[in-house]
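# Structural overview for review
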Amino acid sequence: MNRYLPVARQHFLAALASTSVVVKSISAVVVLLYLLSWAVDTPYTLGVTPGYLFPPNFWVWTLVTHGVVEQHVWGVAANVGTVMACGRLLEPLWGALELLIFFAVVNVSAGLLAGLSYLLTYVATFDLDFLFAVRIHGAAGFLGGVLVALKQTMGDTTVLRVPQVRLKAAPALVLLLLALLRLSGLLESSAPLAAYSYGALSGWVYLRFYQRHSRGRGDMSDHFAFASFFPEALQPAVGLLAGLVHAVLVKLKVCRKMVKRYDVGAPSSITISLPGTDPQDAERRRQLALKALNERLKRVEDQSAWPSMDDEEDEDEDEVRTDTQPLLPSGRDPSSATPRPAGGPIGISLSSTSSSSQSGGAQSTGGAQHPESSIISFEDAPSRS
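Every value quoted in this text rests on a predicted model; they were computed, and no experiment measured them.

Let us look at the overall build of the chain. Along the chain, the regular secondary structure elements total 16 helices and eight strands. The contacts in the chain between residues at least 6 apart in sequence include a share of 63% that link residues at least 24 apart. Surface exposure of the chain reaches about 25100 Å², of which carbon and sulfur atoms provide 63%.

Below you can see the structure in the form of structure tokens.
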């Protein structure tokens, strides 16, 4: 185990060196606050506590800082790994500034919605533990938003081959895993589950309606609809419910309608373009499709057995030898084999002809003429009276 640590450290440093200043800064803050947690209760002072978030305390700074607070080594590894994955996969498409905006939007929204949920739970149960015993912190909220963004950009990428799991199913699978861990008691609190859920939801809302692209805002494509996060059996019902909620939000002017652009001056037919269809995303999907097609063609070529060229040449030589052999032995006149009977207009005749072109070819090869074709005609024998 110890011999693999220098190699892992070298790869980690190389990956960190290739990232931007935003990724390096967030990773450094996570490590620094983890070291500070040995002396100070950072989840209490920098994490979201529902009872202190809302008035009269109003600790609003915790909405910004709770996403970089960790108490355990595995939490630090998960947080830094999530941020570095964004730097390698999302930052080349978005840019450093857009990545920082996405990080802030997801963390602030996840902390606010999770704190509001615990406040409503306290109103329903009058249990003060939901207000002052809960600490919302860590990378769970941002992880949910990152998985949603990866579903949007590279959802068809295969994560596991056996069983086959694509990246577009990762948000739902991680949510199911956290729910099972909470039900089994391995998670001490439901705060990570709540933060992950609201982080994924806030990330989807931002990417769906508000993120700026070169061709507009948001991504209104069908593969990124809210129903696509659920199994196929539940997608029709979820799609209907999501459509009703979207219509209400449009009337309240919280969300915008789906915008369609008509290019009337197109040479062929009217083209409709939806906002959010970035050419970079289209090029990425095209490259993935070409890669999958090349792999499939390669497998087909490996399975099929092609005949060798030597076998084809042998078959051609055999055909040539068969064609050049004479039909009748040399030195014999086919007309003398059977004498023609006399005494009647009707009899049996045998005639042999050879074309001048074919006999010329035979002379050049062998020097002797061989009849290559014979025409045999049979006539009725003379009737006897």
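Here the focus is the nonpolar core. Trp-94, Phe-102, Ile-136, Phe-142, Val-148 and Leu-207 are the most contacted members of the largest nonpolar core, which has 57 residues in total. Residue assignment for this core shows that the elements contributing at least two residues are helix H2 (21-36), helix H6 (73-89), helix H7 (91-94), helix H8 (96-125), helix H10 (140-154), helix H11 (170-184) and helix H12 (191-210). Per-element tally for this core: the top contributor is H12, with ten residues. The contacts of Ile-136, once residues within four sequence positions are left out, are Gly-47, Val-48, His-66, Ala-114, Gly-115, Tyr-118, Ala-191 and Ala-195.

Residues of the chain with pLDDT of at least 70 account for 70%, and the chain-wide mean is 78. Note on residues 273-277: pLDDT under 50 across the span, and 22 contacts to partners over four residues away in sequence or across chains. Within the model, the stretch residues 330-374 combines pLDDT values under 50 with 31 contacts to residues more than four positions away or in other chains.

Relative to each other, H11 and H12 sit at 165°, their axes nearing to 9 Å. In terms of their interaxial angle, H11 and H12 are classed as roughly antiparallel. In this structure, H11 crosses over H12, and the sense of that crossing is left-handed. On H12, the residues that touch Ala-170, Pro-171, Val-174, Leu-175, Leu-178 and Ala-179 of H11 are Pro-192, Leu-193, Tyr-196 and Ser-197. Its residues placed into classes, the contact of H11 with H12 shows nine nonpolar, one polar and no charged.

Another point: H10. In this model, H10 (15 residues) spans 21 Å end to end at C-alpha, consistent with the 21 Å of a helix rising 1.5 Å per residue. Most of H10 is tucked away, with 14 of its 15 residues classed as buried.

Right, let's talk about the layout of surface pockets for a bit. To find leftover empty space, one rolls a probe the size of a water molecule over the atoms. Taken as a whole, the largest pocket spans an internal volume of roughly 990 Å³. Lining of the largest pocket is provided by 33 residues; of these, His-72, Trp-74, His-137, Leu-187 and Pro-192 occupy positions nearest its centre. Secondary structure elements with two or more residues in the lining of the largest pocket: H6, helix H9 (129-132), H10, H11 and H12. Approximately 700 Å³ is the volume found for the second largest pocket.

What follows covers the side chain of Glu-98. Of note, Glu-98 is situated in helix H8. The side chain of Glu-98 is buried and forms no salt bridge, while Arg-212, the nearest opposite charge, is found at 7.6 Å. Residues in contact with Glu-98, not counting those within four places in the same chain, are Tyr-206 and Gln-211.

The relation between two aromatic rings is expressed through the spacing of the ring centres and the mutual angle of the planes. The tally for this structure, following the rule as stated, stands at 17 aromatic pairs. Ring centres 5.5 Å apart and planes at 25° place the aromatic pair Trp-59 and Trp-61 in the stacked group. Given a relative accessible area of 18%, Trp-59 falls into the buried group. Clustering of aromatic rings is evident, with ring pairs tying together Tyr-44, Tyr-52, Trp-59, Trp-61 and Phe-132. Against the face of Phe-229 rests Lys-151, its NZ or CZ located 4.7 Å from the ring centre.

Pairing geometry for strand S1 (residues 158-161) and strand S2 (residues 164-166), over three bridges, is antiparallel. Pairing of Leu-160 across the sheet is with Val-165, part of S2. Here S1 hands over to S2 after two residues, the two strands then running antiparallel side by side.

As a further point, take the packing of H6 against H10. In helix packing, the relevant descriptors are the interaxial angle and the interaxial distance, both defined with respect to the helix axes. At a closest axis distance of 10 Å, the pairing of H6 and H10 adopts a crossing angle of 25°. Here H6 is positioned roughly parallel relative to H10, judged by the angle of their axes. Along this stretch, H6 crosses H10, giving a crossing that reads as left-handed. Two secondary-structure elements touch here, H6 through Thr-82, Val-83, Cys-86 and Leu-89 and H10 through Phe-142, Leu-143, Val-146, Leu-150 and Met-154.

A word on unusual backbone geometry. That bond from Pro-55 to Pro-56 is cis: its omega, 10°, falls within 30 degrees of zero. On the secondary structure map, Pro-56 appears in the loop between helix H4 (50-53) and helix H5 (62-65). Phi angles above zero are rare outside glycine, and Phe-58 is one such case at about 60°. Position of Phe-58 relative to the elements: it lies in the loop between H4 and H5.

Moving on to the side chain of Ser-221. Relative to the helices and strands, Ser-221 resides in the loop between strand S4 (216-217) and helix H13 (235-251). Judged by relative accessible area, which is 11%, Ser-221 ranks as buried. Among the polar contacts listed, one links the side chain of Ser-221 to the side chain of Asp-219, at a separation of 2.8 Å.

A cluster of nonpolar side chains, Tyr-210, Val-248, Leu-252 and Val-254, forms an exposed patch at the surface whose accessible area comes to about 360 Å². Topologically, Val-254 is positioned in the loop between H13 and strand S5 (261-263).

Calculation criteria
- Residues numbered from 1 in each chain as written.
- Predicted model: local features only at pLDDT ≥ 70, side-chain atom pairs only at ≥ 80, totals over all residues.
- Heavy atoms only, no water.
- Helix = DSSP H or I, 4+ residues; strand = E, 2+ residues; numbered from the N terminus.
- Contact = heavy atoms within 4.5 Å.
- Areas by Shrake-Rupley, 256 points an atom, 1.4 Å probe, with all protein chains shown as cover.
- Core = buried A, V, L, I, M, F, W, Y, C linked by side-chain atoms within 4.5 Å.
- Buried < 20%, exposed > 50% of the residue type's maximum accessible area, 1.4 Å probe, protein only.
- pLDDT = per-residue confidence, 0-100.
- Axes fitted to C-alpha atoms, helices over the stretch in contact; angles between N-to-C directions.
- Parallel < 35°, antiparallel > 145°, perpendicular 65-115°, else oblique.
- Left-handed = near helix turned anticlockwise from the far one by under 90°.
- Nonpolar A, V, L, I, M, F, W, Y, C, P; charged D, E, K, R; others polar.
- Expected span 1.5 Å × (residues − 1).
- 1 Å grid on protein atoms, 1.4 Å probe; cavity = no way out; pocket = protein on both sides within 12 Å on 5 of 7 lines; lining within 4 Å.
- Points joined across faces, edges and corners; volume = space filled by probe spheres on them.
- Lys, Arg positive; Asp, Glu negative; His and termini not counted.
- Salt bridge = Lys/Arg side-chain N within 4 Å of Asp/Glu carboxyl O.
- Phe/Tyr/Trp six-rings, centres within 6.5 Å; stacked < 30°, edge-to-face > 60°.
- Lys NZ or Arg CZ within 6 Å of the ring centre and 35° of its normal.
- Pairing = 2+ DSSP bridges.
- Polar contact = N/O pair within 3.5 Å; in protein donor to acceptor, adjacent residues only side chain to side chain.
- Patch = residues over 30% accessible without salt bridge, like charges linked within 9 Å, V, L, I, M, F, W, Y side chains within 5 Å.

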